[in-house]
Amino acid sequence: MIIYDFRCEKGHVFEGRFSSAEDCQAQVARKMIACPICGEAEVHKELAAPAVHLGRAARKLPPKTLAQNEEGERKTLFRAYVDAVREVIDKGCENVGERFAAEAIAMHDGEVETRNIVGTSTKEEEETLKSSGVRFQKLFLPRFDD
Ligand SMILES: [Zn+2]
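Structural notes, computed from the coordinates. (Residues numbered from 1 in each chain as written. Predicted model: local features only at pLDDT ≥ 70, side-chain atom pairs only at ≥ 80, totals over all residues. Heavy atoms only, no water.)

**Side note on the overall build of the chain**
Item 1. Tallying secondary structure elements over the chain gives six helices and six strands in all.
Item 2. Counting from the amino terminus, helix and strand elements in the chain follow one another as β-β-α-β-β-α-α-α-β-α-β-α.
Item 3. Of the contacts made within the chain by residues no fewer than 6 positions apart, 48% connect residues no fewer than 24 positions apart.
Item 4. Accessible surface for the chain amounts to roughly 10200 Å². Of this, 51% is attributable to carbon and sulfur atoms. (Helix = DSSP H or I, 4+ residues; strand = E, 2+ residues; numbered from the N terminus. Contact = heavy atoms within 4.5 Å. Areas by Shrake-Rupley, 256 points an atom, 1.4 Å probe, with all protein chains shown as cover.)

See below:
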């Protein structure tokens, strides 16, 4: 399950849960999503990184781990979250590495087909992206030492 944030015309932010990114796109295209606060049907998907539903990842954890003290449990869940985000990125995005900014601008300008990409960018490139009106999301994913 994938959770996306939406924002309505009045600025309310709410979550939509979908079985896949395609399912979300289809519902948005058919205008099947309305703001649960005011009923506004003019809603926009926030282009942030998709949040990942923890259900499956959390169930994979050994029960003993989840039964540990609260601090341990938080760390375990955080790690499961990071792993799940990584999985979504690995499966759903093309890794363009250092060409991220160039690819994002090419997509923004309509020179190449829009697709989900992940990569790295420098501070200067991020400024260029921002001033060009290209929307992107920075993610900080820690690496764990096993
Ligand atoms: Zn609203």
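**Focus: the packing of helix H5 (residues 100-108) against helix H6 (residues 123-131)**
Item 1. Closest axis-to-axis distance for the H5/H6 pair is 10 Å, and the angle between their directions is 10 degrees. Considering their axes alone, H5 and H6 lie roughly parallel with respect to each other. Between H5 and H6, the residues in contact are Phe100, Ala101, Ala104 and Ile105 and Glu125, Thr128 and Leu129, respectively.
Item 2. Within the contact of H5 with H6, the residues separate by chemical class into five nonpolar, one polar and one charged. (Axes fitted to C-alpha atoms, helices over the stretch in contact; angles between N-to-C directions. Parallel < 35°, antiparallel > 145°, perpendicular 65-115°, else oblique. Nonpolar A, V, L, I, M, F, W, Y, C, P; charged D, E, K, R; others polar.)

**Side note on the pattern of salt bridges**
Item 1. Across all of its chains, the model carries nine salt bridges by this definition.
Item 2. Glutamate 87 is paired through a salt bridge with lysine 91; the nearest N and O atoms lie 3.1 Å apart. Taken together, the residues span about one helical turn, with glutamate 87 and lysine 91 both in helix H4 (residues 70-92) at a distance of four residues.
Item 3. Residue glutamate 87 is classed as partly exposed on the basis of its relative accessible area of 27%.
Item 4. Using a relative accessible area of 69% as the deciding quantity, one classes lysine 91 as exposed. (Salt bridge = Lys/Arg side-chain N within 4 Å of Asp/Glu carboxyl O. Buried < 20%, exposed > 50% of the residue type's maximum accessible area, 1.4 Å probe, protein only.)

**Section: the coordination of the zinc ion**
Item 1. The zinc ion binds to the protein through Cys8 (SG), His12 (ND1), Cys35 (SG) and Cys38 (SG); the donor distances cover 2.1 to 2.4 Å.
Item 2. Coordination geometry of the zinc ion: the four donor atoms subtend angles of 104 to 116 degrees at the metal centre, consistent with an arrangement described as tetrahedral.
Item 3. Read N to C, the donor residues that coordinate the zinc ion are spaced as C-x3-H-x22-C-x2-C.
Item 4. On the basis of relative accessible area, cysteine 38 is assigned to the partly exposed category, the value being 30%. (Donors = N, O, S within 2.8 Å, 3.2 Å for Na, K, Ca; no water. Tetrahedral: all angles 85-135°; square planar, octahedral: opposite > 155°, others 65-115°.)

**Re H5**
Because an α-helix packs 3.6 residues into every turn, residues spaced three or four apart end up facing the same way.
Item 1. Within the span of H5, buried status applies to Phe100, Ala101, Glu103, Ala104, Ala106 and Met107.
Item 2. For H5, the secondary structure elements touched by its buried residues are strand E5 (94-97), strand E6 (117-119) and H6.
Item 3. The first or second residue beyond H5 is glycine 110, which carries a positive phi of 75 degrees.

**Things to note about the pairing of E5**
Item 1. Bridge count between E5 and E6: three bridges; the pairing is parallel. Considered in E6, the bridge of glutamate 94 is made with isoleucine 117.
Item 2. As for the winding sense of the linkage, the β-α-β connection from E5 through H5 to E6 is right-handed. (Pairing = 2+ DSSP bridges. Right-handed = clockwise from strand over helix to strand, strands pointing away.)

**Side note on the nonpolar core**
Item 1. If you look at the biggest cluster of nonpolar residues, it comprises 10 residues: Ile2, Tyr4, Phe6, Cys8, Phe14, Phe18, Cys24, Ile33, Cys35 and Val43.
Item 2. Among the elements of the structure, strand E1 (2-8) and strand E2 (13-18) are those that each provide at least two residues to this core.
Item 3. Of all the elements, E1 adds the most residues to this core, at four residues.
Item 4. Setting aside chain neighbours within four positions, we find phenylalanine 14 in contact with Tyr4, Asp5, Phe6, Cys8, Ile33, Ala34, Cys35, Pro36 and Val43.
Item 5. Listed in part, the eight residues of the second largest apolar core include Val96, Ala101, Ala104 and Leu129. (Core = buried A, V, L, I, M, F, W, Y, C linked by side-chain atoms within 4.5 Å.)

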